[in-house]
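Remarks on the overall topology
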Amino acid sequence: MPLWNVYCPGGAFSAQQRKTLAADITTVYTEYGRMPAFYVDVVFHEVTEGSLLIGGEPVNNFIRITVAHIARQLRPDQKRATMDLLESVLARHIKDRGFDWEIHIDETPRELWNIQGFRPPDEGSDAEGLWIKENRPVPYDVGTAQEIESETHRD
Amino acid sequence: MPLWNVYCPGGAFSAQQRKTLAADITTVYTEYGRMPAFYVDVVFHEVTEGSLLIGGEPVNNFIRITVAHIARQLRPDQKRATMDLLESVLARHIKDRGFDWEIHIDETPRELWNIQGFRPPDEGSDAEGLWIKENRPVPYDVGTAQEIESETHRD
Amino acid sequence: MPLWNVYCPGGAFSAQQRKTLAADITTVYTEYGRMPAFYVDVVFHEVTEGSLLIGGEPVNNFIRITVAHIARQLRPDQKRATMDLLESVLARHIKDRGFDWEIHIDETPRELWNIQGFRPPDEGSDAEGLWIKENRPVPYDVGTAQEIESETHRD
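Notes on the structure follow.

Under the fitted operation, chain C is carried onto chain A by 0.0 Å of movement along the axis and a turn of 120 degrees, and the coordinates agree to an RMSD of 0.0 Å. The transformation just described matches what one would write down for a three-fold rotation axis. A share of only 9% of interface residues in chain C that are also interface residues in chain A marks the association as one of differing surfaces.

The structure is reproduced here in structure tokens:
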């Protein structure tokens, strides 16, 4: 669910640095959001030099992150705490390496989201527990989460 | 209106496969959404190997689709039916070819949308009918849809 | 705050044309939105030929712009006026150069947005005035905008 798009200068992250950043982001969502690890998608996009401009001026040391939250809608009291948690991850991987950065999160409708053709189970349901345990989308039945067990994902 | 962004591995879709996927997506919106075919934008983005990570691990067989719906806001009872329709398209082009995939849709404000400098006509209006027939944005007058006929798109 | 993503054909904009377009966009937000110039991010993404399809057909003369508004939520009466203002910029840089184009704007939650680890100050606050003057994110104290002065951005 959370989809992280990381727009960064070419070469900003090695393959290993991508893995550790994505792993640390994942931990926030599994530990605090109690969701399956496989919900966390991180995509790195290298931006061509001169193609990212701030206030009309090209910048080549800037990392712009956009995030879509789908599985969980944050309560008002959770919003700033979540930003602080995520910033603690960004500090290690971005700030401490000397990059400038900006991040924003959008929240999108849970009903308009599928993984592998399945509607993800309701938050906190037994079926979601199964997805966490299996760490992959698996069929689940209506008895556990008002969803029809079907490989052909009828609703 | 619907803007589809398809983030895929390099070489996942040939030029012909892009056309047939985009054409099948378009059909859903023209037949079920009754909107002009030219509202349907599909953009393919090839993701560099190792740049898309799920749960902290790079995956190279995964297609992530993000969609923005602008022209139509789905009623609650239409949401899951729409996902099912779209999945039937993805099954042919993605699932049956052995890729993993995830899709989510966001809905954005219709008033903050222009094509070719024109505010698209109201849903179901005569002017929208004209756009469907012409399959391109053309000037229309206020008599048909509370919009001023103007090439300079004053509001 | 506003994040502009400009999806364009390869070579559509030279380095200088990127700067003048981004500068003109920035002016709209600083003059009409009264916000710091550094809030305005513009990212150019060159789309590979045949990778952008409209109504199922590849187009190679089309510029698709997506915008996220974060710092300001437009009032209903401001929405169309804002589109018109922005179109006047696009006319000079896109329409007059013979490209086709489409733009839409989404509005995302202000509380879920940080620059350089800081929560941007409230609209119209003294702290925001300081950010405008300095044209960079600087620490500010709770006395000016209900925000704690802190490099570690506790909330």
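Residues and elements named next belong to chain A. For helix α3 (residues 126–134), the set of buried residues is Ala 127, Glu 128 and Trp 131. Buried residues of α3 fall within an arc of 100 degrees about the axis and therefore sit on the same side. Set apart from the buried face of α3 by more than 90 degrees, the exposed residues are Asp 126 and Lys 133. Just past α3, the residue Asn 135 takes up positive phi, approximately 50 degrees.

Take empty space enclosed by the protein next. Gaps left between atoms show up when a probe the size of a water molecule is rolled over them. One pass over the structure, following the stated rule, counts four cavities of 30 Å³ or more. Roughly 590 Å³ of volume is contained in the largest cavity. The wall of the largest cavity is formed by 27 residues, among which Thr66(A), Thr66(B), Asp106(B), Thr66(C) and Asp106(C) lie closest to the centre. Of the residues belonging to the lining of the largest cavity, the class tally is twelve nonpolar, twelve polar and three charged.

This part covers the nonpolar core. Grouped together as the largest cluster of nonpolar side chains are 144 residues, with contacts concentrated most on Trp4(A), Trp4(B) and Trp4(C). Every residue in contact with Trp4(B), bar those within four places of it in the chain, is listed here: Ile25(B), Tyr29(B), Asp41(B), Val42(B), Val43(B), Ile65(B), Thr66(B), Val67(B), Leu86(B), Leu90(B) and Ile103(B).

Residue and element names in this part refer to chain A. For Arg 34, which is not glycine, the phi torsion reads 50 degrees and is therefore positive. The topology assignment puts Arg 34 in the loop between α1 (15–31) and β2 (41–47). Taking relative accessible area as the criterion, Arg 34 reaches 63% and is therefore assigned exposed.

With that out of the way, let us pick up the environment of Val43(A). Topologically, Val43(A) is positioned in strand β2. Owing to a relative accessible area of 1%, Val43(A) belongs among the buried residues under this scheme. Sequence separation between Val43(A) and Arg18(A) is 25 residues; the distance between their C-alpha atoms is 9.2 Å. For Val43(A), the residues in contact, after removing those within four places along its chain, are Leu3(A), Trp4(A), Asn5(A), Val6(A), Val47(B), Ser51(B) and Leu52(B).

Before going further, it helps to examine the relation of the copies chain A and chain B. Superposition of chain A onto chain B requires a rotation of 120 degrees combined with a translation of 0.0 Å along the rotation axis, giving an RMSD of 0.0 Å. The overlap is low: 9% of the interface residues of chain A also sit at the interface in chain B, so different surfaces are used on the two sides.

The subject of this paragraph is the packing of helix α1 (residues 15–31) of chain C against helix α2 (residues 76–93) of chain C. All names here are of chain C. At a closest axis distance of 10 Å, the pairing of α1 and α2 adopts a crossing angle of 165 degrees. Put simply, α1 runs roughly antiparallel to α2. For the pair α1 and α2, the crossing hand works out as right-handed. From α1, Thr 20, Leu 21, Asp 24, Ile 25, Val 28 and Tyr 29 reach across to α2, where they touch Leu 85, Leu 86, Val 89, Arg 92 and His 93. Per-class residue counts for the contact of α1 with α2 are seven nonpolar, two polar and two charged.

Parameters and conventions
Residues numbered from 1 in each chain as written. Chains lettered and ligands numbered in written order. Predicted model: local features only at pLDDT ≥ 70, side-chain atom pairs only at ≥ 80, totals over all residues. Heavy atoms only, no water. Least-squares fit on C-alpha atoms with pLDDT ≥ 70 in both. Contact = heavy atoms within 4.5 Å. Buried < 20%, exposed > 50% of the residue type's maximum accessible area, 1.4 Å probe, protein only. Helix = DSSP H or I, 4+ residues; strand = E, 2+ residues; numbered from the N terminus. Arc of directions from axis to C-beta. 1 Å grid on protein atoms, 1.4 Å probe; cavity = no way out; pocket = protein on both sides within 12 Å on 5 of 7 lines; lining within 4 Å. Points joined across faces, edges and corners; volume = space filled by probe spheres on them. Nonpolar A, V, L, I, M, F, W, Y, C, P; charged D, E, K, R; others polar. Core = buried A, V, L, I, M, F, W, Y, C linked by side-chain atoms within 4.5 Å. Axes fitted to C-alpha atoms, helices over the stretch in contact; angles between N-to-C directions. Parallel < 35°, antiparallel > 145°, perpendicular 65-115°, else oblique. Left-handed = near helix turned anticlockwise from the far one by under 90°.

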